[in-house]
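Given next are the chains, with one letter for each unit.
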Amino acid sequence: MSVPLDIVTDLGHGGRWTSLRASGREWLWRREAPERNGARPGAPFVDAGGLEECLPTVRGTPDHGDVWSRPWARAGDRDVVHGDHFRLARTIRATDGAAEVDYELTAEPGFLFVWAAHALLDLSGRASLHLTEGAPTRLFPEAAPLLTGEWPSDAPWAEGKWPAPRGLRLDRFGPDDGTAVGAVVDAPHACVHDGPDRLSFALEADGQPLSVALWRNLGGFPDGRPYRSTGVEPMLGRVFDLASAGPGDAARVPASGAVRWRLTVAPDCRCT
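Quick summary incoming for the structure in this document. Since the model is a prediction, treat every value here as computed from it, not as a measurement.

The antiparallel open sheet is built from 8 strands, whose spatial order is β5-β6-β7-β8-β20-β16-β15-β11. Of all strands in the sheet, those bounded by a partner on one side alone are β5 (73-75) and β11 (128-130). On average, adjacent strands in this sheet sit at an angle of 20 degrees to one another, irrespective of strand direction.

Take a look at the structure:
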């Protein structure tokens, strides 16, 4: 039996997904952040939860990209936003027991970008994340205090294998412990298990780097007023910050001037 998946978005405020529900469960975590509604391009990121569209970067400049702070518009069956040097269009449609989200970015050939479906999920301490066993995984500098070995000198990231890169197990969310870790896993799909509930993401794009980013903030961020937030983020690219991308680390617009990709979200387990 298929389970309907309901998605609500806010076009006026960055095209943000404000609700993702299945079988009476709300999957998206949210927090009160009234200043989110007044954000303008170039502003520091305001974390209100939900799922934010991050493009052309996640970390770096502009903070969490250029489209979360811009109003989107409806054009036929598409949600459309214009950023600096690009246009992004999104179509969300229901399928049998899932939702398919088709994206198209148009820009000058050679334009480099990182995109992430920055989904902050409302998860219990017993939740687990399932990705391809042994998949290459990049840890970022905030993980350094949690590793047994030394951080590579001047390195923007350290590499290991899922689910425990460099000995740091990441497939369990667990209770709050005052830590915050970001990672990017070289895998096109992910599944979250939380008690009897399941949520899966699958990403498809021809000729582009596919990954899943993890943000496991167990009360370690931000400084001064930390809170818990746990993100599972399908991504084009292999880095959070476009400025740090090496060869093959970012998506690239081909000669046609357009990149197309599909995100499938389902309220069931599609682990392989």
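Structure's up, so let's keep going.
Across 6 bridges, the pairing between strand β15 (residues 189-194) and strand β16 (residues 197-204) is antiparallel. The residue of β16 that forms the bridge with A190 is F201. With 5 bridges joining them, β16 and strand β20 (residues 258-266) adopt antiparallel strand pairing. In the sheet register, E204 faces β20, and the bridge partner there is R262.

Here we take up the pairing of strand β2 (residues 16-22). In terms of residue burial, β2 counts as a mostly covered element, since 6 of its 7 residues are buried. Across 6 bridges, the pairing between strand β1 (residues 5-10) and β2 is antiparallel. Residue pairing in the sheet places T9 in a bridge with W17 of β2. Counting the residues in the hairpin turn of β1 and β2 gives 5 residues, including G14, whose phi is positive at 80 degrees. The pairing of β2 with strand β3 (residues 25-26) spans 2 bridges and is classified as antiparallel. The partner of A22 across the bridge, within β3, is R25. Remark: 2 residues form the turn of the hairpin made by β2 and β3, two consecutive strands paired antiparallel; S23 in that turn has positive phi of roughly 50 degrees.

Following T61, the chain continues to P62 via a peptide bond in cis, the omega torsion being -5 degrees. In this fold, P62 is placed in the loop between β4 (51-54) and β5. F221 connects to P222 through a cis peptide bond whose omega is -5 degrees. Structurally, P222 can be placed in the loop between β17 (210-221) and β18 (227-236). Positioned with a positive phi, S23 is a non-glycine residue whose angle comes to about 50 degrees. Owing to a relative accessible area of 64%, S23 belongs among the exposed residues under this scheme. Phi angles above zero are rare outside glycine, and R166 is one such case at about 55 degrees. A relative accessible area of 41% means that R166 is categorised as partly exposed.

Structurally, the position occupied by Q208 is in the loop between β16 and β17. Taking relative accessible area as the criterion, Q208 reaches 14% and is therefore assigned buried. If sequence neighbours within four positions are ignored, Q208 has contacts with L236, A251, R252 and V259.

Attention shifts here to the packing of aromatic side chains. Applying the stated criterion across every chain, the model contains 11 aromatic pairs. Between F45 and W68, the ring centres sit 5.0 Å apart and the planes meet at 80 degrees, which makes this aromatic pair edge-to-face. On the criterion of sequence distance, the pair formed by F45 in the loop between β3 and β4 and W68 in the loop between β4 and β5 is long-range, its members being 23 residues apart. Residue W68 is classed as buried on the basis of its relative accessible area, which comes to 1%. Summarising the aromatic geometry, the rings of Y103 and W261 are spaced 5.2 Å apart at their centres and angled 10 degrees between planes, so their arrangement reads as stacked. Taken together, the residues Y103 in strand β8 (residues 98-106) and W261 in strand β20 connect sequence positions 158 residues apart. There is no split in this pair, since Y103 and W261 are both buried. Here the aromatic residues F86, Y103, F111, F113, W115 and W261 are joined through ring pairs into a cluster of three or more.

To continue, consider the nonpolar core. Buried together is how nonpolar side chains tend to be arranged in soluble globular proteins. In this structure, L105, F113, W115 and W261 are the most contacted members of the largest nonpolar core, which totals 57 residues. The contact partners of F113, leaving out residues within four places of it in the chain, are L55, P56, L105, L236, L242, A250, A251, R252, V253, V259 and W261.

The next thing to look at is the environment of W151. Within the secondary structure, W151 is located in the loop between β12 (136-139) and β13 (158-161). By relative accessible area, which is 21% here, W151 ends up partly exposed. For the pair W151 and P141, spaced 10 residues apart in sequence, the C-alpha to C-alpha distance is 7.9 Å. Apart from residues lying up to four places away in sequence, W151 is in contact with L139, F140, P141, A144, P156, W157 and A158. A distance of 3.0 Å separates the side chain of W151 from the backbone oxygen of A155, its partner in a polar contact.

Calculation rules
- Residues numbered from 1 in each chain as written.
- Predicted model: local features only at pLDDT ≥ 70, side-chain atom pairs only at ≥ 80, totals over all residues.
- Heavy atoms only, no water.
- Pairing = 2+ DSSP bridges.
- Helix = DSSP H or I, 4+ residues; strand = E, 2+ residues; numbered from the N terminus.
- Axes fitted to C-alpha atoms, helices over the stretch in contact; angles between N-to-C directions.
- Buried < 20%, exposed > 50% of the residue type's maximum accessible area, 1.4 Å probe, protein only.
- Contact = heavy atoms within 4.5 Å.
- Phe/Tyr/Trp six-rings, centres within 6.5 Å; stacked < 30°, edge-to-face > 60°.
- Core = buried A, V, L, I, M, F, W, Y, C linked by side-chain atoms within 4.5 Å.
- Polar contact = N/O pair within 3.5 Å; in protein donor to acceptor, adjacent residues only side chain to side chain.

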